[in-house]
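Listed below, chain by chain, are the residues.
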Amino acid sequence: MTREHFKRGEQEYSVAKGHSSCLGLDPSATRPFTACSKFLPTSRKIVQFSEGKEPKPGDKVVYVAGAFDLFHVGHLDFLEAAKSEGDFLIVGLHTDPTVNVYKGHNYPIMNLHERVLSVLACKYVNEVVIGAPYSVTEELMSHFNVDVVCHGQTPISPDIDGSDPYILPKARGVFKSITSGNKMTTEKIVERIIQHRLEYESRNSRKNVIDNHFS
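Residues numbered from 1 in each chain as written. Predicted model: local features only at pLDDT ≥ 70, side-chain atom pairs only at ≥ 80, totals over all residues. Heavy atoms only, no water.

Chemist: An account of the packing of aromatic side chains is requested, with residue identities and associated values reported.
Modeler: On inspection of all chains with the given rule, the structure shows three aromatic pairs. Both rings, one in tyrosine 102 and one in tyrosine 134, keep their centres 5.0 Å apart while their planes meet at 35°; by these two values the pair is tilted. In this pair, tyrosine 102 is assigned in helix 3 (residues 96-103) and tyrosine 134 in the loop between strand 3 (127-130) and helix 5 (138-143), connecting sequence segments 32 residues apart. Both rings, one in tyrosine 166 and one in phenylalanine 175, keep their centres 5.2 Å apart while their planes meet at 50°; by these two values the pair is tilted. With a relative accessible area of 23%, phenylalanine 175 lands in the partly exposed category. Directly above the aromatic system of tyrosine 107 lies the positively charged group of lysine 103, at a separation of 5.8 Å from the ring centroid. One cation-aromatic arrangement involves lysine 170 over phenylalanine 175; the distance from NZ or CZ to the ring centre is 5.1 Å. (Phe/Tyr/Trp six-rings, centres within 6.5 Å; stacked < 30°, edge-to-face > 60°. Helix = DSSP H or I, 4+ residues; strand = E, 2+ residues; numbered from the N terminus. Buried < 20%, exposed > 50% of the residue type's maximum accessible area, 1.4 Å probe, protein only. Lys NZ or Arg CZ within 6 Å of the ring centre and 35° of its normal.)

Here is the structure:
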């Protein structure tokens, strides 16, 4: 949970040595070899995860977009619900800086390439747009022949100019808000991790006090 993956240029895939998290209260909770995981993406790696099929004539194309960070069961149920709205599901993944703008803090936890492979591994997904525009554009809809644009029940953050990112599909009457019935979010998972970390450190601190008392 660092900001290492927001680097650009020759430092973009550098690995952070030393402490990889400042979430802990005790610096000794980390180890010298702790590092932020990175990998070098290749076209072959992406193809291995990709279905590699085009929509068939007459297929209803569904488009959804988001961060899909720390891919979890909430994402899975949402994508299943989205796929049920048509025949061919396209997922637009926002870039790391874009996600950071509307989520803030250290989000996204996973970089764009990691999120691409996670989403491509989902059986409901047929295609992924890597670095999709935050606002759904005319170019995107016409290029992929999008028939319906879906969004879940999470609040829609405005674009940087204050506009609704779904204004175009709404104006065309092809926007649909869907629910998967699953309320799991990436934020809830992160909160759970932080809470467990704090409980772990508190328990270890109490244990150290007891050990020192009897030593």
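Chemist: Break down the sheet that holds strand 5 (residues 175-177) for me, citing the residues and quoting the values.
Modeler: The pairing of strands in a sheet comes from backbone hydrogen bonds and takes either a parallel or an antiparallel form. Strand order in the open sheet made by the five strands is 3-2-1-4-5, with parallel pairing throughout. The strands lining the two open edges of the sheet, one partner per strand, are strand 3 and strand 5. Direction aside, neighbouring strands of the sheet carry axes that sit 25° apart on average. Here strand 1 (residues 61-66) runs beside strand 4 (residues 148-151); their pairing, made up of two bridges, is parallel. Pairing of valine 62 across the sheet is with valine 148, part of strand 4. (Pairing = 2+ DSSP bridges. Axes fitted to C-alpha atoms, helices over the stretch in contact; angles between N-to-C directions.)

Chemist: Help me get a handle on the environment of serine 177, residues and values and all.
Modeler: By the secondary structure assignment, serine 177 is in strand 5. Remark: the alpha-carbon pair of serine 177 and cysteine 150, spanning 27 residues in sequence, is separated by 5.7 Å. For serine 177, the contacting residues outside a window of four places in its chain are His151, Gly152 and Gln153. (Contact = heavy atoms within 4.5 Å.)

Chemist: Which residues make up the pairing of strand 4, and what values go with them?
Modeler: Burial along strand 4 is two-sided: Val148 and Cys150 and Val149 and His151, pointing in opposite directions, are all buried. Bridging between strand 4 and strand 5 involves three bridges; their strand directions are parallel. Of the residues in strand 5, the one forming a bridge with cysteine 150 is lysine 176. Regarding topology, helix 6 (residues 167-172) serves as the crossover connection from strand 4 to the parallel strand 5, and that connection is right-handed. (Right-handed = clockwise from strand over helix to strand, strands pointing away.)

Chemist: Report on the pattern of salt bridges, specifying residues and quantitative values.
Modeler: Scanning all chains against the criterion turns up six salt bridges. The closest approach of N and O atoms between glutamate 85 and lysine 176, which form a salt bridge, is 2.9 Å. Highlighted residues: glutamate 85 in the loop between helix 2 (73-83) and strand 2 (88-93) and lysine 176 in strand 5, separated in sequence by 91 residues. The class of glutamate 85 is buried, set by a relative accessible area of 19%. Classification of lysine 176 by relative accessible area gives partly exposed; the value is 37%. The partner of lysine 170 in a salt bridge is aspartate 164, with the nearest N and O atoms 2.7 Å apart. According to the relative accessible area criterion, aspartate 164 is partly exposed, its value standing at 25%. (Salt bridge = Lys/Arg side-chain N within 4 Å of Asp/Glu carboxyl O.)

Chemist: Could you give me a rundown of helix 3, with the residues and numbers involved?
Modeler: Buried within helix 3 we find Asp96, Val99 and Asn100. What you see down the axis of helix 3 is that its buried residues fit within an arc of 100°, all on one side. Of the surrounding secondary structure, the elements contacted by the buried residues of helix 3 are helix 4 (112-120). One or two positions beyond helix 3, positive phi appears at glycine 104, with a value near 70°. (Arc of directions from axis to C-beta.)

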